[in-house]
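Chain residues, written in single-letter form:
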Amino acid sequence: MKLSLHAFDLPLKHPFTISRESITVQQTLIVELSAHGSSGFGEATTNRYYGHTLESMTASLERIRPLLEASPSDDPVRLWETLQPELLNDPFALCALDQAAYDLWGKLRGEPVWKLWGLSIEQVPQSSFTIGIDRPEFMEAKLREEPGWPCYKIKLGNDGDVEVVRRLRGVTDAVLRVDANCGWTADEAIRKSQELAELGVEFIEQPLPADDIAGMDRLAGQSALPLMADESCQIESDVDRCAAQGFHAINIKLVKCGGLTPARRMIDRARERNLKIMVGCMTESTVGISAIAQLLPLLDYVDMDGACLLSQDIAQGVQVVRGECRYPNTPGSGVSLLPVEP
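Predicted model, so just to flag it, every value in this text is computed and none were measured. (Residues numbered from 1 in each chain as written. Predicted model: local features only at pLDDT ≥ 70, side-chain atom pairs only at ≥ 80, totals over all residues. Heavy atoms only, no water.)

1. Overview of the environment of valine 164
Line of reasoning, step 1. Looking at where valine 164 falls in the secondary structure, it is placed in helix H7 (residues 161–169).
Line of reasoning, step 2. The exposure class assigned to valine 164 is buried, which follows from its relative accessible area of 10%.
Line of reasoning, step 3. Once you skip the residues sitting within four places of it in the chain, valine 164 turns out to touch Pro136, Met139, Ile154 and Leu156. (Helix = DSSP H or I, 4+ residues; strand = E, 2+ residues; numbered from the N terminus. Buried < 20%, exposed > 50% of the residue type's maximum accessible area, 1.4 Å probe, protein only. Contact = heavy atoms within 4.5 Å.)

Shown next, in the form of structure tokens:
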């Protein structure tokens, strides 16, 4: 296989704010693996919270280039198992490689990845649309700008959280989910869960910092809503820990766990522990979203609106239209890069 790396700036339609940061442009690294006249693509965005940059991911991939380019292209799982020990400290780079390997694998076999896995896409969950933290009137305007989605994920983390949800509930009957991104204390989460339940919120995602074990013990017994782990669930071993801590569901992020290969194992383990399963996206292009789409038949929920938040995409493939996933009639993950404007 031949390895090529492509760095892009992804401009957003609106500033995107969560409890810990705000961005207007998202940097991303696209990995291209080529063999036998076909190319597969994978993606990993930069992330300040987890400490991954374009420079760090590029250095990781260049370091393992000889091993990668000497590897066969016929088995993504075996490739992941070969490269994972070399990329223990860089799951983001490993994820982009793994996505590209599956895309190439499917293209060389002339079938979509989901079909090669023996799955059906006749019934798959619909995606939520994310409303980032902003002034309440702007959050309402963003929701009104994107009508017709079956559910909305509302980013929270301020004193006026409940009032924001109440305002948004006044303009939509859609399912509402909230994500505090570690922004609450246990006392806040207990109190707000009761008020949010009255507003018909479906669940709360990552209310507390991942290291607040004592707070989670209290919250698990007193929350009026189901609790979903995100920052608390990064790798395979976290699934059992989340079940023990009282979470009802987990949100798997491909970049955090290292790609589709470990994500499938995390899904299997979560089923064994009776946890509900979501796969979530970063603010990313259609490359990463198309990889997530291959997992849809295995999920209860999905958050794959990342490319919908962009003012300009870099690829074509799976499309998400008002929550509905539309698969292209092409093999692999269905990804191709768009021509770069001069």
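Further notes follow.
2. Re the UniProt feature "binding site: Mg(2+)" (unreviewed entry) in the protein chain
Line of reasoning, step 1. Per the UniProt entry, the sites bearing "binding site: Mg(2+)" (unreviewed entry) are Asp179, Glu205 and Asp230 in this numbering. These annotated residues cover 52 residues of sequence, and their C-alpha atoms lie no more than 9.2 Å from one another, placing them together at a single site. Annotated residues from the preceding list that form part of the lining of the largest pocket: these are Asp179, Glu205 and Asp230.
Line of reasoning, step 2. According to the relative accessible area criterion, aspartate 179 is buried, its value standing at 0%. (UniProt positions renumbered as here; feature names shortened; annotations may be inferred. 1 Å grid on protein atoms, 1.4 Å probe; cavity = no way out; pocket = protein on both sides within 12 Å on 5 of 7 lines; lining within 4 Å.)

3. Focus on the packing of aromatic side chains
Line of reasoning, step 1. Applying the stated criterion across every chain, the model contains seven aromatic pairs.
Line of reasoning, step 2. The interplanar angle of 45 degrees and the centroid separation of 6.2 Å between the aromatic rings of tyrosine 50 and phenylalanine 92 together place this pair among those described as tilted. Placement of tyrosine 50 in the loop between strand E3 (38–45) and helix H1 (54–63) and of phenylalanine 92 in helix H4 (residues 91–109) is noted, with a sequence separation of 42 residues between them.
Line of reasoning, step 3. When the centroid spacing of 5.8 Å and the interplanar angle of 80 degrees are considered together, the rings of tyrosine 102 and tryptophan 105 count as edge-to-face. One end of the pair, tyrosine 102, and the other, tryptophan 105, are both in helix H4, three residues apart, so they sit about a helical turn from each other. Each of the two residues, tyrosine 102 as well as tryptophan 105, counts as buried. (Phe/Tyr/Trp six-rings, centres within 6.5 Å; stacked < 30°, edge-to-face > 60°.)

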